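The residues making up each chain are set out below.
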Amino acid sequence: MSNTTEQAQTETTAESNVFLELLGELGDHHGLIIGPYHVADLPLIFYDDGFHFYPTVNKMEEAGIFTMHNKHIVKTSDHTPPALDLSITNFVFFQWLVMILLFFFFKKASKRYKEKPNSAPRGIQNMFEVLVTYVRDEIVVPNIPSKNAVYRLLPYFVTLFFFILGLNLIGLIPGGHTATSSLGVTAALAVTAFLVINITSIKEAGLGNYFKHLLGGAPPWLFFIMIPIEILSMFIKPFALTIRLFANMTAGHVVLFALLGLIFYFKTILISPAIVGFSVFIYFLELLVAFIQAYIFTMLTAIFVGLAIGEHGSDAHAEHATH
């Protein structure tokens, strides 16, 4: 009986490890990981009583200050993480890859505009023109009531949309990783949006009107209620942007890994046709979500900028509409 119990416990542990190993692939890695393969080491940079730079994990462990423990880098002395980890990780690599690809495609499209300015757009040029025009006419212009702010911020919103879309799509390529499924990445995007929202509001409305907005249109004697609420809402907006993008891009991957894990759980390939069918459906659903989440993040940021500017940009926007 004891052998049977131990065997059952071992099988249960093995099944749990399969799910944990699959879900672990969603996280970040110290090194370039393509699918299940460790393609190359990436530089490791730490700040802990000074800067520490190591070209590979092996060189780091040879130095003896830091070591790899349960796929996490810790100090050898007390197994605590370094004070600041500035390493080039897998997600950083894929972000750089998306930046390079976007630069290449935009450069190619702009080159055709310069060479043949009067010819009809085609290919990648046509696709980019459609998306850029959509961002401008359907996201930025309708939500930001200042003509000056619209054209000053249009490059930011176009870059934001394409960067998020690129990160989402490259994660759907077999072997790719979705950097937007990392809280650190989505938080950085949200912090950037927070700065754009508030700096634009101060620039367009003026510092005095910016502080008046903290009343939310309420009578001045309600300041002790409205000001804390408005300040809290300023930070809730980027927090919502962070969690929304992270949760939506992580959820689809978790479902896919869970479906694949069922094959190992039931230990039969008889259910594979159903698993493959559901997986293909979820994959195409994720493809749709990749576009939707890039659109929602950009749209909400534009709406928040418009709300922060308020009526102070309405005259400029009305003048733009008449022209």
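Check the entry above for the structure.
A brief look at the structure comes next. Remember, predicted model here, so these are calculated numbers, not experimental data.

**Points about the overall build of the protein**
Inference 1: Within the protein one finds 10 helices and seven strands.
Inference 2: Per-residue burial over the protein gives 36% buried out of 323 residues.
Inference 3: A fraction of 66% describes how many contacts in the protein between residues 6 or more apart in sequence connect residues 24 or more apart.

**Details of the pairing of strand β5 (residues 66-69)**
In summary, the side chains of a regular strand alternate between the two faces of the sheet.
Inference 1: Sheet analysis places β5 next to strand β6 (residues 72-75), joined by four bridges and oriented antiparallel. For His69, the partnering residue across the bridge sits in β6 and is His72.
Inference 2: Hairpin connection, β5 to β6: the antiparallel pair is bridged by two residues, and Asn70 has positive phi, about 55°.

**Considering the packing of aromatic side chains**
Inference 1: In total, this model carries 15 aromatic pairs according to the counting rule given.
Inference 2: Their ring planes at 70° and their centres at 5.2 Å tell us that Tyr156 and Phe157 sit as a pair that is edge-to-face. Of the two residues, Tyr156 and Phe157, neither departs from the other in class, the shared state being buried.
Inference 3: Measuring from centroid to centroid gives 6.1 Å for Tyr283 and Phe284, while their planes differ by 90°, and the two rings are edge-to-face.
Inference 4: Pairwise contacts between aromatic rings join Phe104, Phe105, Phe106, Phe128, Phe161 and Phe162 into one cluster.

**A look at the packing of helix α4 (residues 124-143) against helix α5 (residues 147-170)**
Packed helix pairs are characterised by how far apart their axes lie and by the angle those axes make with each other.
Inference 1: With their axes 10 Å apart at the nearest point, α4 and α5 run at an angle of 125° to one another. Taken together, the axes of α4 and α5 are oblique relative to one another. As for the relative orientation of α4 and α5, their crossing is right-handed in sense. Residue-level contacts link Phe128, Leu131, Val132, Val135, Arg136, Val140 and Val141 of α4 to Val150, Leu154, Phe157, Val158, Phe161 and Phe162 of α5.
Inference 2: A class-by-class count of the residues in the contact of α4 with α5 yields 12 nonpolar, no polar and one charged.

**As for the sheet that holds strand β7 (residues 84-85)**
Inference 1: The antiparallel open sheet is built from three strands, whose spatial order is β4-β3-β7. Here the strands that pair on one side only, and so sit at the sheet edges, are β4 (51-54) and β7.
Inference 2: Taken together, the four bridges between strand β3 (residues 44-47) and β4 define a ladder with antiparallel strand orientation. Of the residues in β4, the one forming a bridge with Ile45 is Phe53.

**Section: the nonpolar core**
Inference 1: By size, the foremost hydrophobic cluster in this structure holds 48 residues, and its most contacted members are Val140, Ile144, Phe157, Leu189 and Val305.
Inference 2: If you list the elements that add at least two residues to this core, you get α3 (90-115), α4, α5, α6 (183-205), α8 (223-266) and α9 (272-309).
Inference 3: Among the elements that take part in this core, α5 stands out by supplying 15 residues, more than any other.
Inference 4: Judged by nonpolar contacts, the second largest core, of seven residues, contains Leu44, Phe46, Phe66 and Ile73.

**A word on the environment of Leu32**
Inference 1: Residue placement: Leu32 occurs in strand β1 (residues 32-34).
Inference 2: Taking relative accessible area as the criterion, Leu32 reaches 10% and is therefore assigned buried.
Inference 3: Expressed as a C-alpha distance, the spacing of Leu32 and Thr89, which sit 57 residues apart in the sequence, is 7.2 Å.
Inference 4: With near-sequence residues (within four places) excluded, Leu32 lies in contact with Tyr37, His38, Val39, Ala40, Leu42, Asn90, Phe93 and Phe94.

**A word on the environment of Ile33**
Inference 1: Topologically, Ile33 is positioned in strand β1.
Inference 2: By relative accessible area, Ile33 is classed as buried at 11%.
Inference 3: Ile33 sits 142 residues away from Gly175 along the chain, and the two C-alpha atoms are 7.9 Å apart.
Inference 4: Aside from chain neighbours lying at most four places away, what touches Ile33 is His38, Asn90, Phe94, Gly175 and His177.

**Notes on α9**
Inference 1: The end-to-end C-alpha distance of α9, which contains 38 residues, comes to 54 Å, matching closely the 56 Å that a straight helix rising 1.5 Å per residue would cover.
Inference 2: Directly beyond the C-terminal end of α9, a positive phi value near 70° is found at Gly310.

**Notes on a nonpolar patch on the surface**
Inference 1: Together, Val276, Val280, Tyr283, Phe284, Leu287 and Phe291 give the surface a local cluster of nonpolar side chains, amounting to about 520 Å² of exposed area.
Inference 2: With respect to the helices, strands and loops of the structure, Phe284 is situated in helix α9.

**What about the side chain of Gln95?**
Inference 1: With respect to the element layout, Gln95 can be found in helix α3.
Inference 2: If we skip the residues at most four places from it in the chain, Gln95 touches Phe163, Leu167, Ala179 and Val185.

Cut-offs used in this document
- Residues numbered from 1 in each chain as written.
- Predicted model: local features only at pLDDT ≥ 70, side-chain atom pairs only at ≥ 80, totals over all residues.
- Heavy atoms only, no water.
- Helix = DSSP H or I, 4+ residues; strand = E, 2+ residues; numbered from the N terminus.
- Buried < 20%, exposed > 50% of the residue type's maximum accessible area, 1.4 Å probe, protein only.
- Contact = heavy atoms within 4.5 Å.
- Pairing = 2+ DSSP bridges.
- Phe/Tyr/Trp six-rings, centres within 6.5 Å; stacked < 30°, edge-to-face > 60°.
- Axes fitted to C-alpha atoms, helices over the stretch in contact; angles between N-to-C directions.
- Parallel < 35°, antiparallel > 145°, perpendicular 65-115°, else oblique.
- Left-handed = near helix turned anticlockwise from the far one by under 90°.
- Nonpolar A, V, L, I, M, F, W, Y, C, P; charged D, E, K, R; others polar.
- Core = buried A, V, L, I, M, F, W, Y, C linked by side-chain atoms within 4.5 Å.
- Expected span 1.5 Å × (residues − 1).
- Patch = residues over 30% accessible without salt bridge, like charges linked within 9 Å, V, L, I, M, F, W, Y side chains within 5 Å.
- Areas by Shrake-Rupley, 256 points an atom, 1.4 Å probe, with all protein chains shown as cover.
- Salt bridge = Lys/Arg side-chain N within 4 Å of Asp/Glu carboxyl O.

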